2 protein chains.
Amino acid sequence: MQDKLTLMIPGPTPVPERVLKALAKHPIGHRSPEFQQIVKRTTDLLKWLHQTNGDVLTITGSGTAAMEAAIINTLSKGDKVICGENGKFGERWVKVAKAYGLNVTTIKANWGEPLDPKKFQSILENDSEIRAVIITHSETSTGVINDLQSISKHVKSHKNAIVIADCVTSIGACNVPMDEWGVDVIASGSQKGYMMPPGLSFVAMNNSAWEATKRSDLPKFYLDLQSYKKTVDKDSNPFTPSVNLYFALEESLLMMKNEGLESIFNRHNRHMKATQEAIKSIGLSLFAKEGFGSPAITSVQPNGVDAEKIRKTVKLKFDILLAGGQDHLKGEIFRIGHLGFVNDRDIITAVAAIESTLEQLNELKKPLGTGVATATKILNQTKN
Amino acid sequence: MQDKLTLMIPGPTPVPERVLKALAKHPIGHRSPEFQQIVKRTTDLLKWLHQTNGDVLTITGSGTAAMEAAIINTLSKGDKVICGENGKFGERWVKVAKAYGLNVTTIKANWGEPLDPKKFQSILENDSEIRAVIITHSETSTGVINDLQSISKHVKSHKNAIVIADCVTSIGACNVPMDEWGVDVIASGSQKGYMMPPGLSFVAMNNSAWEATKRSDLPKFYLDLQSYKKTVDKDSNPFTPSVNLYFALEESLLMMKNEGLESIFNRHNRHMKATQEAIKSIGLSLFAKEGFGSPAITSVQPNGVDAEKIRKTVKLKFDILLAGGQDHLKGEIFRIGHLGFVNDRDIITAVAAIESTLEQLNELKKPLGTGVATATKILNQTKN
């Protein structure tokens, strides 16, 4: 049976019915007082989600639009920047930075391993001209979480640099206290922890980030954050925003507020642990280095078995969509998204589907039920 | 009674129930074969709508994103361009062009009057270095339609220049045969003739436009149309697109296909005429010069009466949202949107609401019912 799809990719993620219903309302005028109230309420909720007193600006566009906006508003041609690169989205930062003529130093780690904060520290200590450190917090392509807190700390000791972070798959999944950690710019997208369809993206900016905009000389218009700041201060937008996605945004943020940040982070942490342990218990390997798995996504390396074969069979038999490996990891890994609107049932089902598939492929090395038992045990042991 | 809103602004425009229902479907993976089919089908339908064999690319973003993409992909810093400017959206073209360091010559007309094609001809004949002529087809701020066909013709006699047109409120409202007229780049947005909520925008490109991209040196990433071209040729997108708005797009384009281009243009033409004549018959003035009213929007100058007072009373009494005047026209004009999903009933209702309002304000100069009678007569005389 098909057409009973469950998304377990790292975006789009599943969307609650009430969010879909909000999405389907008749649009209203984007310059009306009613819409201004929605802009005001969602902006307040976005600040709450980012744990910041700074600004959070909503852009009609994909997450990449927010990433680009982060760079082109705070930097200038020829600026020295450090980009962390340990996956596809780290690579994307480098591409954006180079497209705008920044002078990029990359700090790399193998895909599957986290970035080393000490490497950032050492370059920062020896080069006062660095203008920005640009990293991916949760690297969606590998399921690795980078140590944004430590890297931000090193940047804070530097007199010129700001931290720009892609938190696309970490915001709404784990603790990212923007102000406390001193992250200056955060980019994110709606189809992730926000439990919404894609189409909106967000750029959070603190005072240092706004300070940096003053010397930025890169050309921009649609992604000029000054226009967004000027209008959001009047509860409005510089251009016609995606009105219906705003309806959905308000609904999903209210659901998140109702659940509470700690509960949301705890839920993602439980799901991450249950998934990781279940995968290990059935004899498959985790691709991310131990201790650096992302709360949003678990990458699985089914040594010796074609990862695409597993992924496709799980889709065909159970209509659960897992993500494949990207670029050189295609066929090497598959990725289980447990980001956003995910409950315990989804985790157990995903594990059960993978076990069932491995048995069908004659590749299951442990007794059937081992993975589900492991996942269930962890879910039962940890508080919801 | 409130909360029974009818949108008669030039965007967002009313959205059919079946489009809203499509919007509210659970998202699917944007790299899935199912979604690829949607990209393929919508792209084919977009080409049909633009009457082109060129490419039509879908961007997750506002119409302004498409406008910016049109410029930054085909031009270079310092390029000489002519911008037509006879309203707010003409001004926007100038702002985008200047933000990217283009060498802009503006050809102006008073707000309410159309651009003079001969002025374009004369500059083009005397300057072989012009790289682009950039104009607004239907100027939403004034309700004036510019003569894109004639202006394009003059550009075709020039060896270096291409035509870039903002057809945001003309595509899906009146005939814009891209290939026949030789328009090289067309920008548009979903919340207009497309009968959809805002959030997607479109850039149509012909061969000359692609040729121009080869020498363009302006920096870009999210709006780099080469990435869109490369991926649309594989029925995909460079970044996570607004999946749910794609569902809606397919539904609305199918409705449009079913109605047929000629019927759509005829419907808008009838509604424009009925609105214009009704307005004149009750003693109000049309703001757009006679013969240059846009099929998408009628601007009304209620000489001596505060336009905002009329607009607000119509909203309060009838829950019909009309648009106000922008910038120096605020209070001077109001605008009746008859763009997209609009039927005869909407036109009659809008006219009736305006007549009723004028009577309440003691400003009705003609017998009550005159406007409705005029509109009805025209609607009855012309074929649907």
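Residues numbered from 1 in each chain as written. Chains lettered and ligands numbered in written order. Predicted model: local features only at pLDDT ≥ 70, side-chain atom pairs only at ≥ 80, totals over all residues.

Asks: Please explain the sheet that holds strand 2 (residues 55-60) of chain A as it appears in this structure.
Replies: The pairing of strands in a sheet comes from backbone hydrogen bonds and takes either a parallel or an antiparallel form. All names here are of chain A. If you walk across this open sheet you meet the seven strands as 2-10-9-8-5-3-4, and the pairing is mixed. Two strands in the sheet have a free side with no partner beyond their single neighbour: strand 2 and strand 4 (103-108). Neighbour-to-neighbour, the strand axes of the sheet open up by a mean angle of 20 degrees, direction not taken into account. In this structure, strand 3 (residues 80-85) lies alongside strand 5 (residues 130-136), joined through four bridges in parallel fashion. Within strand 5, the residue paired with I82 across the bridge is V133. Sheet strands touched by helix 4 (residues 88-99): strand 3, strand 4, strand 5 and strand 8 (162-166). Its angle to strand 3, the strand with the most contacts, is close to 160 degrees. (Pairing = 2+ DSSP bridges. Helix = DSSP H or I, 4+ residues; strand = E, 2+ residues; numbered from the N terminus. Axes fitted to C-alpha atoms, helices over the stretch in contact; angles between N-to-C directions. Contact = placed C-beta atoms within 7 Å.)

Asks: Quick question: what am I supposed to make of the pairing of strand 4 (residues 103-108) of chain B here?
Replies: The side chains of a regular strand alternate, first on one face of the sheet and then on the other. All names here are of chain B. The sheet contact formed by strand 3 (residues 80-85) and strand 4 spans six bridges and is parallel. Opposite K80, over in strand 4, you have N103 as the bridge partner. You can see the chain leave strand 3, run along helix 4 (residues 88-99) and come back into strand 4, and the turn it takes is right-handed. (Right-handed = clockwise from strand over helix to strand, strands pointing away.)

Asks: What is the right way to look at helix 4 of chain B in this model?
Replies: Helical geometry note: an α-helix holds 3.6 residues per turn, so side chains three or four residues apart project in the same direction. Residue and element names in this part refer to chain B. Taking 1.5 Å as the rise per residue, helix 4 with twelve residues should run 16 Å; its terminal C-alpha atoms sit 16 Å apart, in good agreement. Of the positions making up helix 4, those classed as buried are F89, G90, R92, W93, V96 and A97. The buried residues of helix 4 all sit within an arc of 155 degrees when viewed along its axis, so they share a single face. Close packing links the buried residues of helix 4 with helix 3 (63-74), strand 3, strand 4, strand 5 (130-136), strand 6 (138-139) and strand 8 (162-166). (Expected span 1.5 Å × (residues − 1). Buried ≥ 20, exposed ≤ 12 C-beta atoms within 10 Å, placed from the backbone. Arc of directions from axis to C-beta.)

Asks: Can you walk me through the sheet that holds strand 4 of chain B in this structure?
Replies: All names here are of chain B. The strand order 2-10-9-8-5-3-4 describes an open sheet built from seven strands, whose pairing is mixed. Strand pairing shows two members of the sheet lacking a second neighbour, strand 2 (55-60) and strand 4, which therefore form its edges. Here the strands of the sheet are splayed against their neighbours by 20 degrees on average, with no regard to which way each runs. Where strand 2 meets strand 10 (residues 200-205), six bridges bridge the pair, whose relative direction is antiparallel. Within strand 10, the residue paired with D55 across the bridge is M205. Along the sheet, helix 9 (residues 225-232) makes contact with strand 2 and strand 10, crossing strand 2 at roughly 110 degrees.

Asks: Would you mind showing me how to read the interface of chain B and chain A here?
Replies: Many authors give the size of an interface as the accessible area that is lost as the parts come together. In this assembly, 46 residues from chain B lie in contact with 46 residues from chain A. Only helix 1 (17-23), helix 3, helix 4 and helix 10 (243-259) of chain B provide two or more residues apiece to the side of chain B that touches chain A. In terms of residue count, helix 3 of chain B provides more of the side of chain B that touches chain A than any other element does, four residues in total. Looking at the side of chain B that touches chain A residue by residue, the classes come out as 25 nonpolar, 17 polar and four charged. (Nonpolar A, V, L, I, M, F, W, Y, C, P; charged D, E, K, R; others polar.)

Asks: Explanation requested: the relation of the copies chain B and chain A in the structure shown.
Replies: Superposition of the two copies of the chain requires a rotation about an axis together with a shift along that axis. Least-squares fitting of chain B to chain A yields an RMSD of 0.0 Å, with the transformation described by 0.0 Å of translation along the axis and a rotation of 180 degrees. A rotation of that kind, with that shift, is consistent with a two-fold axis. Counting the interface residues of chain B, we find that 100% of their copies in chain A are interface residues as well, pointing to one common contact surface. (Least-squares fit on C-alpha atoms with pLDDT ≥ 70 in both.)

Asks: I would appreciate a short explanation of the confidence of the model for chain A in the present structure.
Replies: Caution applies to low-pLDDT parts of the model: their predicted coordinates are not meant to be read in detail. Of all residues in chain A, 100% attain a pLDDT of 70 or more, and the chain-wide mean is 97. Among the prediction metrics, the complex's ipTM stands at 0.97, with pTM recorded as 0.98. (pLDDT = per-residue confidence, 0-100.)

Asks: Help me understand helix 9 of chain B, please; the structure alone is not making it clear to me.
Replies: Residues and elements named next belong to chain B. For helix 9, the set of buried residues is L225, Y228 and V232. For helix 9, the buried positions fall inside an angular range of 55 degrees around the axis, keeping them on one side. Where the residues of helix 9 are buried, they touch helix 2 (33-50), strand 2, helix 3, strand 10 and helix 8 (207-213).

Asks: How should the domain arrangement of chain A be read in this particular structure?
Replies: All names here are of chain A. When its domains are assigned, chain A resolves into domain 1 (17-258) and domain 2 (260-381). The straight-line distance from the C-alpha centre of domain 1 to that of domain 2 is 28 Å. Counting residues at the interface gives 23 residues for domain 1 and 21 residues for domain 2. Per-class residue counts for the side of domain 1 that touches domain 2 are nine nonpolar, eleven polar and three charged. (Domains from an automatic or database assignment.)

Asks: Help me out: how do you make sense of the environment of Q51 of chain B in this one?
Replies: Residues and elements named next belong to chain B. For Q51, the position within the fold is in the loop between helix 2 and strand 2. Judged by the 17 C-beta atoms lying within 10 Å of it, Q51 is partly exposed. Sequence separation between Q51 and N258 is 207 residues; the distance between their C-alpha atoms is 16 Å. Not counting chain neighbours up to four residues away, the residues in contact with Q51 comprise P177, M178, D179 and E180.

Asks: Explain unusual backbone geometry to me, please; I cannot follow it from the model alone.
Replies: Negative phi is the rule for most residues except glycine; trans is the rule for most peptide bonds. In this structure, the amide linkage connecting G11 of chain A to the following residue, P12 of chain A, adopts the cis form with an omega of 0 degrees. We note that M195 of chain B has phi near 60 degrees; this positive angle belongs to a residue other than glycine. Among the structural elements, M195 of chain B can be located in the loop between strand 9 (185-189) and strand 10. The exposure class of M195 of chain B is buried, given the 24 C-beta atoms found within 10 Å. In this structure, D235 of chain B takes a positive phi of about 55 degrees despite not being glycine.

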